[in-house]
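Survey of secondary and tertiary structure
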Amino acid sequence: NACCGREVMRCASLALVWIAAWAAGATNDPWFPCSPSEVASRTSNALLKWLVLDQQPIPWDMYCLNLSVALDYADPGSRQINAWATKLAANASEPKGQLWMVAGGPGECGEELIPTLLKWDMMSLLGGEYDMVFPDHRGTGLSSALYCPTPTLTGAKACTDYLEQTLGDGLQQFTTSNAARDLHAMLNTASVDGQVQHVYAISYGTYLMQRYLQVFNQSKDWPASVILDGIVSPDRTQFIAYDMDVSNVGRVFMARCESDLFCSTAFDGYSPNTVLEKLFYLVDHDLPTCFDSLNQPLPFPFDTHKHMGLSFLFSSWLFSGLDRVFIPATLFRLLRCNKDDVAALNHLMARLPTTSFSKIPYSSVTSSMSA
């Protein structure tokens, strides 16, 4: 009512400016509502589809960020690729901040941590006051994944050839340094005034964050805190030997079985490592094994890649001080294969999707993450 004449025009103009500013702010939010089904629909990676769909329903609102970043940061005009993150929103109407969970591997994507955090009820531990954010490293998950149409353990060269044909020299840009730059871009894009950002990094994620702190050591846009859990030392770690290192640890563990009276008795005097090699020989040559006697559907990727499935299963157990004891027991039952063994293995297979297979890496090519 105070507006009249020119004042009416002035008030109307101010109102239009305010509405425009409000509209711009309303559309400035980089996050968009999404769901496990939508995440699954955006990828051709069958394993990622299985993981996110297996976790439904997720008891918090889910949002996604799909940022375009330069493939080559030295050439801003180069091809654009995706940098993806998934967010589980805090229950609070005005969250205190964001907790960014940087996964390991290399090769794991952020969504892989969701099942574990659901198990821990992490949101409750945070008082429902922090958004939990799961970024996908460059080359994993939905961040322009280095994914081959038919990844197999024996087809690593074919997979590498496929990626070289698809990306050419751009494949050399999938490095830890560029993954750090992608993360910095996502953190800046998702920052909210008045909210703090914390980063919690696990395993290879600590390697990535140490590189992040080097690349951006002069930046004023650092997170409020960076937590390194299970530190991977940059000067002592060569990921190109990762598979061989895990294999060697597995052989040492099976040698422990051989020196244990109870464990070794099950293998009738044969070396457990020799028996393990026999199982893989049977699988690789499509010879009869106890798998043929199971009536329980085998979880991915057992159904089409038994060697890969066994490797992932045993290596995931090896990482757990409690679960690794299942390796010789499962090996024993797979080879003896009597009625009781079949029943036990069916019981095991029925429970794999929500236990050991949450540790399967998403990319069959991870050694490029070294620079």
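Coordinates for the structure precede this section.
Residues numbered from 1 in each chain as written. Predicted model: local features only at pLDDT ≥ 70, side-chain atom pairs only at ≥ 80, totals over all residues. Heavy atoms only, no water.

**Details of empty space enclosed by the protein**
Condition: Only protein atoms enter the 1 Å grid used here, on which a cavity is any set of points holding a 1.4 Å probe that cannot leave and a pocket is any open set flanked by protein within 12 Å on both sides along at least five of seven lines; residues with an atom within 4 Å of a point are listed as lining. Grid points are joined across faces, edges and corners, and a volume is the space filled by probe spheres set on the points. Put simply, DSSP marks the helices as runs of H or I at least four residues long and the strands as runs of E at least two long, and each gets a number from the N terminus on.
Counted under the stated rule, the structure contains 2 cavities of 30 Å³ or more. Roughly 40 Å³ of internal volume is contained in the second largest cavity. Contributing to the lining of the second largest cavity are Val-102, Pro-135, Asp-136, His-137, Arg-138, Ala-179, Leu-183, Met-186 and Leu-208. Top contributing element to the lining of the second largest cavity by residue count: helix α7 (residues 176-190), with 3 residues.

**Focus: the sheet that holds strand β6 (residues 196-202)**
Where we set the bar: At least two DSSP bridges between two strands are required for those strands to pair. Here a residue-residue contact requires only that any non-hydrogen atoms of the pair lie within 4.5 Å. For helices, the fitted line uses only the C-alpha atoms of the stretch in contact; every axis is such a line through C-alpha atoms, and the angle between N-to-C directions lies from 0 to 180 degrees.
The strand order across the open sheet formed by 7 strands is β1-β2-β3-β5-β4-β6-β7, and the pairing between neighbours is mixed. Unpaired on one side and paired on the other, β1 (32-33) and β7 (225-229) mark the two borders of the sheet. Looking at chain direction, strand β4 (residues 97-102) and β6 are connected through 6 bridges and run parallel. Looking at the pairing, Val-102 lines up with Ala-201 of β6. Contacts from α7 reach β2 (62-70), β3 (80-88), β4, β5 (130-135) and β6 within the one sheet, and its direction differs from that of β2 by about 125°. Contacts from helix α8 (residues 204-215) reach β4, β6 and β7, with the element oriented near 130° to β6.

**What to know about helix α9 (residues 242-259)**
Helical geometry: 3.6 residues make up each α-helical turn, so side chains three or four residues apart lie on a common side. How we decide: Here, expected helix span is obtained from the residue count minus one, scaled by 1.5 Å. Between buried and exposed lies partly exposed: a residue is buried under 20% and exposed over 50% of the maximum accessible area for its type, with that area taken using a 1.4 Å probe on protein chains only. Along the arc lie the directions from the helix axis toward the C-beta atoms.
Taking 1.5 Å of rise per residue, the 18 residues of α9 would be expected to cover 26 Å, and the 26 Å separating its terminal C-alpha atoms lies within 8% of that figure. Taken residue by residue, α9 has Val-246, Gly-250, Phe-253, Met-254 and Cys-257 as its buried positions. Around the axis of α9, the buried residues are gathered within 95° of arc, so they sit on the same side. Opposite its buried face, α9 presents the exposed residues Met-244, Arg-256 and Ser-259, each directed more than 90 degrees away. Looking at the buried residues of α9, the elements they touch are α10 (261-265), α11 (272-284), α12 (306-318) and α13 (326-336).

**Points about the state of the cysteines**
Our working rule: The term disulfide is used for any two cysteine sulfur atoms that are within 2.5 Å.
Counting across every chain of the model gives 3 disulfides. Between the sulfur atoms of Cys-290 and its disulfide mate Cys-337 the distance is 2.0 Å. Note on the Cys-290 and Cys-337 pair: the S-S dihedral is about 85°, so by sign convention the disulfide is right-handed. Pair noted here: Cys-290 is in the loop between α11 and α12 and Cys-337 is in the loop between α13 and α14 (339-351), with a separation of 47 residues, a long-range link. Since its relative accessible area comes to 1%, Cys-290 is described here as buried.

**Regarding the packing of aromatic side chains**
How we decide: To pair, rings of Phe, Tyr and Trp, with the six-membered ring standing in for Trp, must have centres within 6.5 Å; the planes then decide the type, stacked if under 30 degrees apart, edge-to-face if over 60, and tilted in the middle.
Inspection of every chain in the model, using the stated rule, returns 6 aromatic pairs. Residues Phe-32 and Trp-84 carry aromatic rings whose centres are separated by 6.0 Å and whose planes lie at 80° to one another, so their mutual orientation is edge-to-face. On the criterion of sequence distance, the pair formed by Phe-32 in strand β1 and Trp-84 in strand β3 is long-range, its members being 52 residues apart. Judged by its relative accessible area of 22%, Phe-32 is partly exposed.

**Some points on the environment of Ser-259**
Relative to the elements of secondary structure, Ser-259 occurs in helix α9. For Ser-259, a relative accessible area of 61% gives the class exposed. Along the sequence, Ser-259 and Ser-271 sit 12 residues apart, while their C-alpha atoms lie 9.6 Å from each other.

**Regarding α13**
Where α13 is concerned, the buried positions are Ile-327, Pro-328, Thr-330, Leu-331 and Leu-334. Angularly, the buried residues of α13 cover 165° about the axis, an arc narrow enough to put them on a single face. Buried residues along α13 sit in contact with α9, α10, α11, α12 and α14. Once α13 ends, the next one or two residues include Cys-337, with phi positive near 60°.

**A short note on the packing of α12 against α13**
Keep this limit in mind: In this classification, Asp, Glu, Lys and Arg are treated as charged, Ala, Val, Leu, Ile, Met, Phe, Trp, Tyr, Cys and Pro as nonpolar, and every other residue, Gly included, as polar.
At a minimum axis separation of 9 Å, α12 and α13 run at an interaxial angle of 150°. Contacts between α12 and α13 involve Leu-310, Phe-314, Trp-317 and Leu-318 from the former and Phe-326, Ile-327, Thr-330 and Leu-334 from the latter. A breakdown of the residues in the contact of α12 with α13 according to their chemical character gives 7 nonpolar, 1 polar and no charged.

**Some words on the environment of Ile-227**
Within the element layout of this structure, Ile-227 appears in strand β7. Ile-227 sits in the partly exposed class, given a relative accessible area of 39%. Taking C-alpha positions, Ile-227 is 4.7 Å from Tyr-200, a pair spaced 27 residues apart along the chain. Sequence-distant contacts of Ile-227, defined by excluding residues within four places in its chain, comprise Val-199, Tyr-200 and Ala-201.

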